[in-house]
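Observations on the three-dimensional arrangement
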Amino acid sequence: ILVTKLKKILEHYLIESYMKFPTKMYINGKLTSGNGYKQVFNPATEKEVVTVSTAGLRDIEKALQSAKNAFPSWSTTSIADRQRWMKKLCDEVVKNEDFLRECIHYEMGKPWAQTYEDWDRLVASLDFYSEEISRIQNYSLVDRAGTHNHRMVYEAAGVVLAFLAWNFPLLNLAFKIGPAMAAGCPIIIRPSEMTPISAYAVGMLCKKIKLPDGVVQILCTESHEVADKLTSSNIPQVITLIGSTQTGQHIMRTGASSIKRYSMELGGNAPVLIFEDADLDLAADIVTGVKFSNAGQICVAPNRIFVSDLVKKDFTDKVVSRAKAAKVGFDKNKEITTGPVIDKRAFENIKMLIDDAVTNGAKLLVGGDRPSYLKQGYYIAPTVLSDVTETMQVYLQETFGPIISLITFSEETMLLKMANDCDEGGLTAYVFTSDQTRAEYYASKLRYGEIQINGVKYDIDLPHGGIGQSGIGHDCSSLALMDYLVQKRITSAKKTYKFERLNS
């Protein structure tokens, strides 16, 4: 037992002291230091992990010009060659699984088992889109007069600029790099300044395989001025984002210096409708499983849980028991349910939401603060609030924390209106009922981009996108690939064609 403990302590010390996390940006085919530096802290320990380089205005100009220069050759590179490059990068991602997952583990404090999804989605994206691009076929149009032949052909849209959220550092990168590379679009990736390490690690792998200069570039910046320089440039033809609705609005404003295409997955405030005939254990498993994983920092996480008063007590008991059983912490060798939230500001905001709810009449059933056995780190214990109303901030905001807010309904008259009443837009909604007619009715009426009925499923081949303020376009599936392609019409006259001047 003593030897095992000493071994674990030594392993932890070696990782903390000697792990060489990446610190450099990847611009124009080279690993480079920028004009600035950013300390990255592990929110589980509140200790610095590493100091990374950040981009200044000159770095931005270099990246933009490099991407512009790369476009003519990369966009006309054969699909077979692009597939080979994607396969090379994918092979390196597979070989470096542990290293990439360690980057996420330390930059986010994310439980070790949960880092697998990030890494797996990067593998899946490179694999899926390298195949999917071959399925995109040019097509012909019928000429009504019979005088011309018409072809519609797909081409790369242009240079892509991708802004990533911090909650899934590699998964978010995966959703952008796969379709961009497959379509023939050079891409500039700007990871969040809070979680740049794993993205910089991908830059190292691009350098290792000697990817052509400018095809992929990865840089981080804290400066709003520098970030705005990217979006206001005339070089990017596509801007894609995973982030808040407010960030999306800002990027569209600054990007209006030229006509651009946008693909954005933005905020949400997901409702869950639990009817009296629902499988309550299934509903409780999904609600707590999604809400407590990644400390609730998931754009599709259940936020407002509407529960029939006929099953309120049973469902509440099931959710509370699961919350109490959840394991909170940061230990690679233990099965952890919930890690820390990303930083002090997030911790304080979640505490404010809980305190506001309790002050205004909600009942705190479990959680509500840092677990007593954890003396450091930005942890919020899995929390359950009942009697939540539409006047509370926890109801109105996307919480991005491990909080389950229970709202009771007795009649369905106002249920649909309340579920759809969401200023932050519609990304995902959940329905739990054994009545298929009822399920289909609510699926047709809920204004959300994804309706999950009696279950939950996400994968690289399934479209992911919102409605209204929750975004434009899609991540995942062939629909995402279309955001990186443009269609061109090529028309040729037949020999029998004679030109006739049109009347003005």
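For the structure itself, look to the data block above.
Residues numbered from 1 in each chain as written. Predicted model: local features only at pLDDT ≥ 70, side-chain atom pairs only at ≥ 80, totals over all residues. Heavy atoms only, no water.

1. What to know about the sheet that holds strand 16 (residues 403-409)
A sheet is described by the order of its strands in space; here seven strands give the open sequence 14-15-16-13-12-17-18, paired in mixed fashion. Two strands in the sheet have a free side with no partner beyond their single neighbour: strand 14 (363-366) and strand 18 (450-453). Strand after strand, the sheet turns through a mean of 20 degrees between neighbouring axes, direction not considered. Contacts from helix 10 (residues 280-292) reach strand 12 (271-274), strand 13 (304-308), strand 15 (383-386), strand 16 and strand 17 (428-432) within the one sheet, and its direction differs from that of strand 16 by about 140 degrees. The strands touched by helix 12 (residues 344-359) are strand 14, strand 15 and strand 16; relative to strand 15, the strand with the most contacts, the crossing angle is about 25 degrees. (Pairing = 2+ DSSP bridges. Helix = DSSP H or I, 4+ residues; strand = E, 2+ residues; numbered from the N terminus. Axes fitted to C-alpha atoms, helices over the stretch in contact; angles between N-to-C directions. Contact = heavy atoms within 4.5 Å.)

2. Regarding the sheet that holds strand 6 (residues 148-156)
Read from one edge to the other, the open sheet built from three strands follows the order 5-6-20, with strand pairing classed as antiparallel. Looking at the sheet topology across the chains shown, the edges are occupied by strand 5 (139-141) and strand 20 (485-493). When the angles between neighbouring strand axes are averaged without regard to direction, this sheet yields 30 degrees. Sheet analysis places strand 6 next to strand 20, joined by nine bridges and oriented antiparallel. Counterpart to Ala 156 in the pairing with strand 20 is Leu 485.

3. Some thoughts on helix 15 (residues 436-445)
Those residues of helix 15 lying buried are Arg 438, Ala 439 and Tyr 442. Projection of helix 15 onto a plane perpendicular to its axis shows the buried side chains occupying an angular sector of 100 degrees, all on one side. Facing away from the buried side of helix 15 by over 90 degrees, the exposed positions are Thr 437 and Ser 444. Check the buried side of helix 15 and you find it contacts strand 12, helix 14 (415-420), strand 17 and strand 18. Structurally, the start of helix 15 carries an N-cap: the backbone nitrogen of Thr 437 is 3.0 Å from a side-chain oxygen of Asp 435. (Buried < 20%, exposed > 50% of the residue type's maximum accessible area, 1.4 Å probe, protein only. Arc of directions from axis to C-beta. Polar contact = N/O pair within 3.5 Å; in protein donor to acceptor, adjacent residues only side chain to side chain.)

4. As for the pairing of strand 13
Of all five residues making up strand 13, five are buried, and the element is well covered by its neighbours. Where strand 12 meets strand 13, four bridges bridge the pair, whose relative direction is parallel. The residue of strand 13 that forms the bridge with Val 272 is Ile 305. Crossover handedness for the path strand 12 to helix 10 to strand 13: right-handed. (Right-handed = clockwise from strand over helix to strand, strands pointing away.)

5. Description of helix 9 (residues 245-254)
Listed as buried for helix 9 are Thr 245, Gly 248, Ile 251 and Thr 254. Looking at the buried side of helix 9, the elements it contacts are strand 7 (159-163), helix 8 (224-232), strand 10 (236-242) and strand 11 (261-265).

6. Remarks on the pattern of salt bridges
Opposite charge on two side chains lets them pair, provided their charged atoms get close. Under the criterion given, the structure shown has 25 salt bridges. A salt bridge links Asp 475 to Lys 176; the shortest N-O distance between them is 2.7 Å. Placement of the pair is Asp 475 in the loop between strand 19 (471-472) and helix 16 (477-482) and Lys 176 in helix 6 (residues 169-183), with a sequence separation of 299 residues. For Lys 176, a relative accessible area of 0% corresponds to the buried category. Between Asp 369 and Lys 351 there is a salt bridge whose closest N-O contact spans 3.4 Å. Residue Asp 369 is found in the loop between strand 14 and strand 15, and its partner Lys 351 is found in helix 12; the two are separated by 18 residues along the sequence. (Salt bridge = Lys/Arg side-chain N within 4 Å of Asp/Glu carboxyl O.)

7. Thoughts on the packing of helix 4 (residues 97-108) against helix 7 (residues 197-208)
The interhelical angle for the contact between helix 4 and helix 7, taken along N-to-C directions, is 160 degrees, at an axis separation of 8 Å. Taken together, the axes of helix 4 and helix 7 lie roughly antiparallel to each other. For the crossing formed where helix 4 meets helix 7, the hand is right-handed. Two secondary-structure elements touch here, helix 4 through Phe 99, Leu 100, Cys 103, Ile 104 and Glu 107 and helix 7 through Ile 197, Ser 198, Ala 201, Val 202 and Leu 205. Of the residues assigned to the contact of helix 4 with helix 7, the class counts are eight nonpolar, one polar and one charged. (Parallel < 35°, antiparallel > 145°, perpendicular 65-115°, else oblique. Left-handed = near helix turned anticlockwise from the far one by under 90°. Nonpolar A, V, L, I, M, F, W, Y, C, P; charged D, E, K, R; others polar.)

8. Observations regarding the packing of helix 10 against helix 11 (residues 312-325)
At a minimum axis distance of 9 Å, the contact between helix 10 and helix 11 shows a crossing angle of 40 degrees. Between helix 10 and helix 11, the interaxial angle falls into the category oblique. The two elements helix 10 and helix 11 cross, and the hand of that crossing is right-handed. Contact residues: helix 10 offers Leu 280, Asp 281, Ala 283, Ala 284, Asp 285, Val 287, Thr 288 and Phe 292, while helix 11 offers Asp 314, Phe 315, Lys 318, Val 319, Arg 322 and Ala 323.

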